[in-house]
Amino acid sequence: MIGFWVRIVMHLGGIGLIAWVFGLIGGARNGWITAVLLLSGWVVYQLYYLQKTMGWLEHFQLDQVPHMSGTWELLAAKIYRLAKSGEHQRQQLAEALKDFRSATEAMPDGVVTLDEDNQVIYANEQAEEQLGISNENDAGRNLINIVRHPDFVAYLNGTEWDKAITLKGVRSSNRVLQIQLIPYGTRQRLLMTRDVTQLDRLETTRRDFVANVSHELKTPLTVLSGFLETLRDLPLSEDQRQQYLGLMHGQARRMQNIVEDLLVLSKLESTSAPSQEDEIDMRVVMPRLLADAKGMSRDQHQIEASQVSDVKVMGAEDELVSAFSNLVSNAIRYTPVGGKITLEWSINPKGCGVFSVRDTGPGIESQHLPRLTERFYRVDRSRSRETGGTGLGLAIVKHITTRHQAQLVIDSEVGKGSCFSIVFPEKRLKPQS
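The structure contained in this document is the topic of the report that follows.

### Some details on the overall build of the chain
Secondary structure summary: the chain contains twelve helices and 13 strands in total. Buried residues in the chain amount to 36% of all 433 residues.

### Some details on unusual backbone geometry
Note on backbone geometry: most residues besides glycine have negative phi, and most peptide bonds are trans. For Arg298, which is not a glycine, the phi torsion comes out positive at approximately 55°. Among the structural elements, Arg298 can be located in the loop between helix H9 (282-297) and strand S7 (302-307).

### What about the pattern of salt bridges?
In total, this model carries 14 salt bridges according to the counting rule given. Between Glu116 and Arg187 there is a salt bridge, with the nearest N and O atoms lying 3.2 Å from each other. On the criterion of sequence distance, the pair formed by Glu116 in the loop between strand S1 (110-114) and strand S2 (120-123) and Arg187 in the loop between strand S4 (176-184) and strand S5 (188-195) is long-range, its members being 71 residues apart. Between Arg141 and Asp138 there is a salt bridge, with its nearest N and O atoms 2.9 Å apart. For Arg141, a relative accessible area of 34% gives the class partly exposed. Using a relative accessible area of 6% as the deciding quantity, one classes Asp138 as buried. Salt bridges here are not isolated pairs; linked through shared partners, they connect Glu129, Arg175 and Asp195.

### Overview of the side chain of Thr401
Examined against the element boundaries, Thr401 turns out to sit in helix H12 (residues 393-403). The residues touching Thr401, leaving out its near neighbours within four places in the chain, are Ala406, Gln407, Leu408 and Ile422.

### A few points about the environment of Leu392
Following the sequence through the fold, Leu392 ends up in the loop between helix H11 (381-386) and H12. Relative accessible area serves as the criterion here: at 0%, Leu392 is assigned to the buried category. Not counting the four nearest positions on each side in its chain, Leu392 is found in contact with Ile258, Asp261, Leu262, Leu265, Arg375 and Phe376.

Rules used in this analysis
- Residues numbered from 1 in each chain as written.
- Predicted model: local features only at pLDDT ≥ 70, side-chain atom pairs only at ≥ 80, totals over all residues.
- Heavy atoms only, no water.
- Helix = DSSP H or I, 4+ residues; strand = E, 2+ residues; numbered from the N terminus.
- Buried < 20%, exposed > 50% of the residue type's maximum accessible area, 1.4 Å probe, protein only.
- Salt bridge = Lys/Arg side-chain N within 4 Å of Asp/Glu carboxyl O.
- Contact = heavy atoms within 4.5 Å.

Listed below in structure tokens is the structure:
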């Protein structure tokens, strides 16, 4: 700035010196006229370059520096260097912002940046999906006006942000989100969101499993304990003793079946693939299943087997036969005396192998169908215990079918019966050689 004024003084001094010389030569009047003309020319010169500089700055482009001279050239060079430095800083900031957004988009959690008034600055894709935010439409809006959840509003308006909170029912009745607000910078805030729906469901399943196992084992243990006290304290006839011993054996057997099924489930869950790959000849398996079914039924049902196809199925024979047997035993237990049960092995129009067990039992209401493969889930608890089921059979079937890339399909109509089918993909089938 000092150098600029020095140059102005030098220019004006030069004009004065020239005017003084002309005054000595031509008189004072000519000297003043010369000074005015020179000063006017100098002013016009400065105004020209001032206008040129202002025009450049008004429509500024870094790559179009106007041609200047003298002090104005130095000024243009200074402006160019400042602009170049600013452009470089803007590029660095843009790259940093781009890297930040790329990093947040790669995160499995939702990220929302807010100002001190909880207005949305930016949200990554996960946060947009989890909270229903739109970067395009909601930038600058207060987040409380977007996520209208009372617990969320209370948390955001409070000051206890050192711990995350869990919200249920955000955008969906089944969704569970974990949310935490983190202050950063001067007055900005970072909202982190995590979808913990699956973890919450697993925790609920674990609690239900522990409660169900305890309940299932408690009943036979109570019965056994009662019979043991009776045998110890009361004088009984031989017939009574034999009757009680038989009932005790039944309860012990029930507990043994539960433990065995739990061990089977544990084994199935320990690996994701079948233990072996056998060529299972359904021409051999179907008659065996039919004979076992008739033995379990004791001639109380009409049982038929239909083998439409001779195609073999690839998989672990012990696992698949166990799954088939579970479906057959379920049909026998839940079909009234005199009812009809049909076993079938066929190929559907899509080329998939289908093992199905159809019965004429009471059927199952539609609201129960999605939960039938849950451990210990029973449509009618008392009736299930009377028939001797452990509540784990369909859970075992589901695990076995999944391990074989197959699908368990359940169709049922109340009052007409049910059909349980295991559908094998074409890659699991092998024609008879």
